[in-house]
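Coordinate inspection notes
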Amino acid sequence: MGRRKLWLIAFVLLFAASGILSACSSKGASSDEKVDLDKKVKLTWMAILYHQQPPKDSVLKEIEKLTNTELDMTWVPDAVKEDRLNSALAAGNLPQIVTIQDIKNSSAINAFRSGMFWEIGPYLKDYPNLSKMNKLINKNASIDGKLYGIYRERPLSRQGIVIRKDWLEQLNLDTPKTLDDLYEVAKAFTEKDPNQNEKDDTIGFTDRNDLIFGAFKTLGSYEGMPTDWKEENGEFTPDFMTNEYMNTMKYMKKLRDNGLINKDFPVTSKTQQQELFSQGKAGIYVGNMVDAVNLRDDATDKNMKVDIINRIKGPDGKERVWASGGHNGIFAFPKTSVKSEAELKRILAFFDRIAEEDVYGLMTYGVDGEHYTKEEGNTFVREESQVKSWQTDVQPLVSLVGIEKRYLKNKGDPVRTKYEELEEDNKNIIVANPAESLYSETASERGNELKKIVDDATYKFILGDIDEGQFKKEVEKWKSNGGNKIIEEYEASFKKSK
């Protein structure tokens with residue numbers, strides 16, 4: 001036993017000495033304990049696989065060379081990611097890097113709060129790229145005001161309007177700038193024969209059975225509706241209890257009553273919604289602006305011209321659009337497998353490095369000449385012959401991207417280029433959800449069930465099945481069945497995060 005203790009003391013001293021030596025020869029973080037990037041490190045990583053097969057090794061090997069790492073990847077299929085994560089958390093059998101998509105999963109929340117994962121917020125200032133991470137997204141990805149991982153960045157808002165530009169031109173109409181303009185354009189698209197076939201076969205809007213990613217929530221943000229919740233002096237109000245929500249329902253009811261939108265939109269799928277546009281039956285699509293590319297490419301009329309709009313003035317003259325959380329989960333670092341601060345800093349240095357253009361480019365575009373061709377002015381094209389190799393070698397690597405650093409523009413498609421510009425511009429007008437980083441146990445357990453009460457009432461109001469008073473009764477039902485508890489828990493969580 002004594003010999004074992006002596007061995008342990010010697011090991012600790014040796015470990016401490018190696019830490020001192022690496023501190024002397026390090027690059028990276030500027031804090032007291034330095035990180036040695038010259039020493040190759042093996043990193044174990046649980047990543048989500050969103051595609052049929054994991055990526056081929058070719059691009060991963062290049063990433064390993066540039067980052068001086070050996071990446072031991074465990075690819076978990078998207079369909080079983082939550083089960084695998086919960087099992088790993090319960091067993092404590094975790095790699096050094098764990099991809100957690102749903103950070104409000106109750107198992108993940110309990111793990112964060114129990115101290116199972118490193119809190120990384122205080123370390124970010126020491127890294128050139130991590131220190132520039134978006135503050136709003138960091139806040140949204142935090143738990144109780146603490147950040148437990150590198151966010152997997154997604155656009156804060158891709159929402160906007162795809163519109164038939166050729167129909168606007170045919171009817172001599174300007175691009176709509178206000179909600180009233182948008183209504184008048186929808187009216188003209190319905191009544192003034194924009195396709196010039198002398199038939200009554202067109203409508204303004206095409207929509208689907210989705211109050212979030214369909215038209216409703218985006219039109220609501222133009223009206224001035226809060227994004228999910230309104231916070232004033234620590235008091236929280238759900239969006240559906242605001243005047244702006246009611247005004248949005250009335251706007252959509254007016255569209256439907258006057259035949260300016262597909263009347264069966266509450267039971268229309270996304271595919272059916274897009275077909276109405278691509279087949280030339282509707283001229284306004286509200287949703288993800290990048291959908292403009294497929295809507296145009298799938299068009300039966302190959303002369304179709306589309307435009308994208310991201311700014312619509314509300315009744316008060318202001319331009320707004322709702323924001324998502326800006327992330328698709330985080331990369332977290334368990335203390336059971338990342339045992340020291342020095343080890344954590346080396347991993348953070350790796351994530352800082354993969355945010356550089358050369359590594360980020362490999363993870364998103366691939367190898368120049370093989371998966372795409374870089375051209376002048378920071379543009380690129382991808383030939384048909386390069387698409388398949390990009391899909392097998394590169395596309396699955398999107399799962400490993402943390403900080404987005406798009407630096408090449410798609411030269412081959414002006415619609416996609418405009419989408420990228422407007423997505424960036426949306427950052428200037430976003431309305432964030434003040435409850436995004438907060439936790440409510442009731443919302444986690446029963447939020448979807450309670451949301452159905454309000455969603456059903458919203459559709460019924462737009463369809464004319466209930467009036468304003470009856471809608472408010474449904475809101476009271478939401479409150480008494482658990483909604484009041486959600487409000488209380490968000491307010492308590494808000495105070496705790498301060």
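Preceding block: the structure.
Overview of the packing of helix α2 (residues 57-67) against helix α13 (residues 357-364)
- Axis separation between α2 and α13 bottoms out at 10 Å; the angle between their running directions is 170 degrees. Of the possible angle classes, the one that applies to α2 and α13 is roughly antiparallel. Where α2 crosses over α13, the two elements pack in a sense that is left-handed. Across the interface between the two elements, V59, E62, I63, L66 and T67 of α2 pack against D358, V359, L362 and M363 of α13.

What about empty space enclosed by the protein?
- Taken as a whole and assessed by the stated rule, the structure comprises 2 cavities of 30 Å³ or more.
- Contributing to the lining of the largest cavity are M46, A47, I48, V76, K81, E82, R84, L85, T99, I100 and Q101.
- Those elements that provide at least two residues to the lining of the largest cavity are β1 (41-49), α3 (81-91) and β3 (97-100).
- Ranked by residues supplied to the lining of the largest cavity, first place goes to α3 with 4 residues.
- Considered class by class, the residues forming the lining of the largest cavity number 6 nonpolar, 2 polar and 3 charged.
- Computed from the structure, the second largest cavity encloses a volume of approximately 60 Å³.

As for the packing of aromatic side chains
- Enumeration over the complete set of coordinates arrives at 26 aromatic pairs.
- Relative to Y251, the ring of Y183 has its centre 6.3 Å away and its plane inclined at 75 degrees; by these criteria the two rings are edge-to-face. In this pair, Y183 is assigned in helix α7 (residues 179-191) and Y251 in helix α9 (residues 243-257), connecting sequence segments 68 residues apart. Y251 shares its class with Y183; the two are buried.
- A centroid spacing of 6.4 Å and a plane angle of 85 degrees characterise the contact between Y360 and Y365, whose relative ring orientation is edge-to-face.
- Here Y360 falls in the buried class, since its relative accessible area comes to 3%.
- Every member of this aromatic cluster is reached through a ring pair, and the members are F216, W229, F236, F240, Y245, F461, F471, W478, Y490 and F494.
- Its guanidinium or amino end placed over the ring of Y183, K254 lies 4.4 Å from that ring's centre, counting from NZ or CZ.

Considerations on the sheet that holds strand β13 (residues 373-375)
- Pairing is mixed across the open sheet formed by 3 strands, whose spatial order is β13-β14-β15. With one partner strand each, in any of the chains shown, β13 and β15 (409-410) form the two edges of the open sheet.
- Where β13 lies against strand β14 (residues 379-381), 3 bridges are found, and the strand directions are antiparallel. The residue bridging K374 from the neighbouring strand is F380, located in β14.

Brief notes about helix α10 (residues 270-278)
- Three or more residues of α10 are buried, namely Q273, Q274, F277 and S278. The buried side chains of α10 occupy one side of the element, clustering within an arc of 135 degrees when seen end-on.
- At its buried positions, α10 is contacted by β5 (159-164), β6 (203-206), β9 (282-288), α11 (291-297) and β10 (306-309).

A short note on the environment of K477
- Following the sequence through the fold, K477 ends up in helix α17 (residues 468-497).
- Looking at K477, the relative accessible area reads 42%, which means it is partly exposed.

Overview of the environment of N426
- Here N426 is to be found in helix α15 (residues 414-426).
- On a C-alpha basis, the gap between N426 and G160 in space is 9.0 Å, while along the polypeptide they are 266 residues apart.

What about unusual backbone geometry?
- One non-glycine residue, D144, lies in the positive phi region at around 55 degrees.
- For D144, the position within the fold is in the loop between α5 (135-140) and β4 (149-153).
- For E198, which is not glycine, the phi dihedral falls at a positive 60 degrees.
- With respect to the element layout, E198 can be found in the loop between α7 and β6.

Conventions we followed
Residues numbered from 1 in each chain as written. Predicted model: local features only at pLDDT ≥ 70, side-chain atom pairs only at ≥ 80, totals over all residues. Heavy atoms only, no water. Axes fitted to C-alpha atoms, helices over the stretch in contact; angles between N-to-C directions. Helix = DSSP H or I, 4+ residues; strand = E, 2+ residues; numbered from the N terminus. Parallel < 35°, antiparallel > 145°, perpendicular 65-115°, else oblique. Left-handed = near helix turned anticlockwise from the far one by under 90°. Contact = heavy atoms within 4.5 Å. 1 Å grid on protein atoms, 1.4 Å probe; cavity = no way out; pocket = protein on both sides within 12 Å on 5 of 7 lines; lining within 4 Å. Points joined across faces, edges and corners; volume = space filled by probe spheres on them. Nonpolar A, V, L, I, M, F, W, Y, C, P; charged D, E, K, R; others polar. Phe/Tyr/Trp six-rings, centres within 6.5 Å; stacked < 30°, edge-to-face > 60°. Buried < 20%, exposed > 50% of the residue type's maximum accessible area, 1.4 Å probe, protein only. Lys NZ or Arg CZ within 6 Å of the ring centre and 35° of its normal. Pairing = 2+ DSSP bridges. Arc of directions from axis to C-beta.

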